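Fold and geometry: a report
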Amino acid sequence: MELIFFFEVLVGGLLAGIMYSLVALGFVLIYKASGVFNFAQGAMVFFAALAFVSFQSWGWPFPLALLAALATMIVVALATERVVLRKLVNQPPITLFMATIGLTFVLEGLAQLIFGTDVHRLELGIPDDPLEIQGMLISTFDLIAAGVAALLVVALGVFFQYTRVGRALRAVADDHQAALSIGIPLQHIWAIVWAVAGFVALVAGLLWGARLGVQFALTLVALKALPVLILGGFTSVPGAIVGGLIIGASEKLAEVYVGPFVGGGIENWFAYVLALGFLLVRPEGLFGERHIDRV
Amino acid sequence: MIYRESGQFKTSYRADQAIFPIPQDRYALFALLAFAFIAVPLGANDYWLGSILIPFLILSLAALGLNILTGYCGQLSLGSAAFMAVGAYAAYNFQLRLPELPLLLDFLLAGLVAAAVGIVFGVPSLRIKGFYLAVATLAAQFFIEWALTKFGWFSNHSASGVISPQPMTILGYTLTTQADKYLLVLGIVSVLALLAKNLVRSATGRAWMAVRDMDVAAEVIGIRILHTKLLAFAVSSFYCGVAGALWAFAYLGTVDAQAFDLNRSFQILFMVIIGGVGSILGSFLGAAFIVLLPILLNLLGHLFGGAVRQDVLSNLELITFGALIIFFLIVEPHGLARLWQITKEKLRLWPFPH
């Protein structure tokens, strides 16, 4: 019984970790292609989910609302590239980082201005019943979310590996200068990458929105994704997934087995301390690119 | 014409090492200090003192602290508010548990406690760099916030985790009016700012800047990285800690750990970036900008928006705030301090710019 409970917590944690990975994935895409640490990813998740729910509440059918939300995110991505990123080319990373915090405020304000501040319920038609496997209770919703995440990662992998745009993206990620010199249009690539990140944000927003309800707290999900990000490495898609699994599982286990000894409520910081511990051993995260300092 | 040093006329080391080599700068600073110390407390009303100037000064101090760490030593930190919290709670506990200590010593000790905590959370910086470090400092932010709320001892077992410091008493004189508190804050901030200005142009400051510019090269020329980075964390946290203590004692009066959440850290980081990374003056300019901007936006909103609903208004404020930050970063990525520098360069040539 004790062991089954342990595995139940473990599997629950792993599945929850996948949800973190979904958000972390958006960060990784943008960081890889443009070296921008996009703090606005959480706001994008919120924006996408809110847009979708609002379209649905206007009576639009599910596929149409989804497409419209996707179109909205693409518009946001293009506008960001045109108005913010293009003007800040060649600035130090910290300036770009601050600009994305500014962008966070703009997106949060815009989302609530256009779509209202009410908390919306989001029904994806996925049942949230516990499923019994080998005596363990596992949430169906989490399983389906994990499936969606896996699908997304595979799709992104194919996109990066086999399409023309994907190859260009990887080229830019490797070396901006070299990519430019063989004629890859950097600005288009950035716009595309932000649009893809917008798409990932939409998927994350739908799943998280169905879980928590579409509300302002969705923006905080980004804070959950950050330890995943540093643990996996800023530049690695598999890192985001593995990092999510590790963080999710150990967070839940710690909450259950360590939490009671220190008075609970440790989920806010445990992931960060864990990631910090990992970083001390591997400063670029598990799968991050090693950089060599040259004088 | 008026504002220039017309050649190298320094005849003594004293003149060579002056903080403000140009006399006009010196006079301007003395005039500003005199204005701040004498005219402002006499002339300003309680709203200006209590709601604008005191928070402005305290946040300038915190921004100064972060600027030492980020601007001079190049270590990005998102946990400055947590060190403010440490300072606030430490000062509260010193006042509560050791009532015989004078108030200023409480603040000093609170700063030292914050410095010690800062050193602990600064240790990872020896291995972790850049944004990895920034995210790692979030660990400090969340852990300290949690610890201060969770363990009742820190807040003297108050039910809601709120601390309410007793009135401030210095040499038997109790500070009650806003003007008193303003003078105390101004005094502390002035002294610490002078100290920081001197620190960053000393050997220590040069070592910090060497580490910022390239830590491997700094190590090669014989700068002790461990020592230098941890010292930057300690000094930075000391400033943030004192700022936190003042925030609790002189500004709010009652605080809980939520007053020092992540948004506060971001606010301080904004001040540093907008004001100018690696500039003492920039910390003050940035703090003024960030403190005044929401007030201005609010005023403007009330002026134009009699018909606009409150929630729409607050969203518009949020958007404008974000947009202005992006605008500033695009127009002047080096911050307000750089604008001031450019103005000075222009003044030097005025009225005969080639």
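Please refer to the structure placed before this passage.
A short tour of the structure in this document, coming up. As the structure is a prediction and not an experimental result, all values here were calculated from the model.

1. Focus on the overall build of chain B
The helix and strand inventory of chain B stands at 14 helices and two strands. The C-alpha radius of gyration computed for chain B amounts to 21 Å, which stays within 12% of the reference 20 Å derived for 354 residues, consistent with globular compactness. Within chain B, the fraction of its 354 residues that count as buried is 50%. Within chain B, contacts between residues separated by at least 24 positions form 77% of all contacts whose residues are at least 6 apart in sequence. Carbon and sulfur atoms make up 68% of the accessible area of chain B, which totals about 16400 Å².

2. Comments concerning helix H5 (residues 103-122) of chain B
All names here are of chain B. The end-to-end C-alpha separation of H5 is 28 Å, in line with the 28 Å expected for 20 residues at 1.5 Å each. Taken as a whole, H5 has its buried residues at Leu103, Asp106, Phe107, Ala110, Gly111, Ala114, Ala115, Gly118, Phe121 and Gly122. Close packing links the buried residues of H5 with helix H4 (80-97), helix H6 (130-150), strand E1 (168-170), helix H7 (178-200) and helix H10 (225-252).

3. What about the packing of aromatic side chains?
All told, the structure shown has 37 aromatic pairs over all chains when counted by the stated rule. The interplanar angle of 55° and the centroid separation of 5.2 Å between the aromatic rings of Phe37(A) and Phe234(A) together place this pair among those described as tilted. Here Phe37(A), found in the loop between helix H1 (2-34) and helix H2 (41-57), pairs with Phe234(A), found in the loop between helix H9 (221-232) and helix H10 (237-257); they are 197 residues apart in sequence, far enough to count as distant. You can call Phe234(A) buried: its relative accessible area is 1%. Between the aromatic rings of Phe121(B) and Phe143(B), the centroid separation amounts to 6.4 Å while the plane-to-plane angle is 50°, which identifies the pairing as tilted. Taken together, the residues Phe121(B) in helix H5 and Phe143(B) in helix H6 connect sequence positions 22 residues apart. One aromatic cluster is present, built from ring pairs that chain together Phe27(A), Tyr31(A), Phe37(A), Phe39(A), Phe97(A), Phe234(A), Phe131(B), Tyr132(B) and Phe266(B). Above the face of the Trp153(B) ring, Arg97(B) is positioned so that its terminal group lies 4.1 Å from the ring centre.

4. Side note on the packing of H2(A) against helix H4 (residues 93-115) of chain A
Residues and elements named next belong to chain A. Remark: H2 packs on H4, axes separated minimally by 9 Å, with the N-to-C direction vectors making an angle of 10°. Compared by their axis directions, H2 and H4 come out roughly parallel. For the element pair H2 and H4, the recorded crossing hand is left-handed. Where H2 approaches H4, its residues Ala43, Met44, Phe46, Phe47, Leu50, Ala51, Ser54 and Phe55 are matched on the opposing element by Thr104, Leu107, Glu108, Leu110, Ala111, Gln112 and Phe115. The residue makeup of the contact of H2 with H4, split by class, is eleven nonpolar, three polar and one charged.

The rules behind the values
- Residues numbered from 1 in each chain as written.
- Chains lettered and ligands numbered in written order.
- Predicted model: local features only at pLDDT ≥ 70, side-chain atom pairs only at ≥ 80, totals over all residues.
- Heavy atoms only, no water.
- Helix = DSSP H or I, 4+ residues; strand = E, 2+ residues; numbered from the N terminus.
- Rg over C-alpha atoms; globule rule 2.2 N^0.38 Å.
- Buried < 20%, exposed > 50% of the residue type's maximum accessible area, 1.4 Å probe, protein only.
- Contact = heavy atoms within 4.5 Å.
- Areas by Shrake-Rupley, 256 points an atom, 1.4 Å probe, with all protein chains shown as cover.
- Expected span 1.5 Å × (residues − 1).
- Phe/Tyr/Trp six-rings, centres within 6.5 Å; stacked < 30°, edge-to-face > 60°.
- Lys NZ or Arg CZ within 6 Å of the ring centre and 35° of its normal.
- Axes fitted to C-alpha atoms, helices over the stretch in contact; angles between N-to-C directions.
- Parallel < 35°, antiparallel > 145°, perpendicular 65-115°, else oblique.
- Left-handed = near helix turned anticlockwise from the far one by under 90°.
- Nonpolar A, V, L, I, M, F, W, Y, C, P; charged D, E, K, R; others polar.

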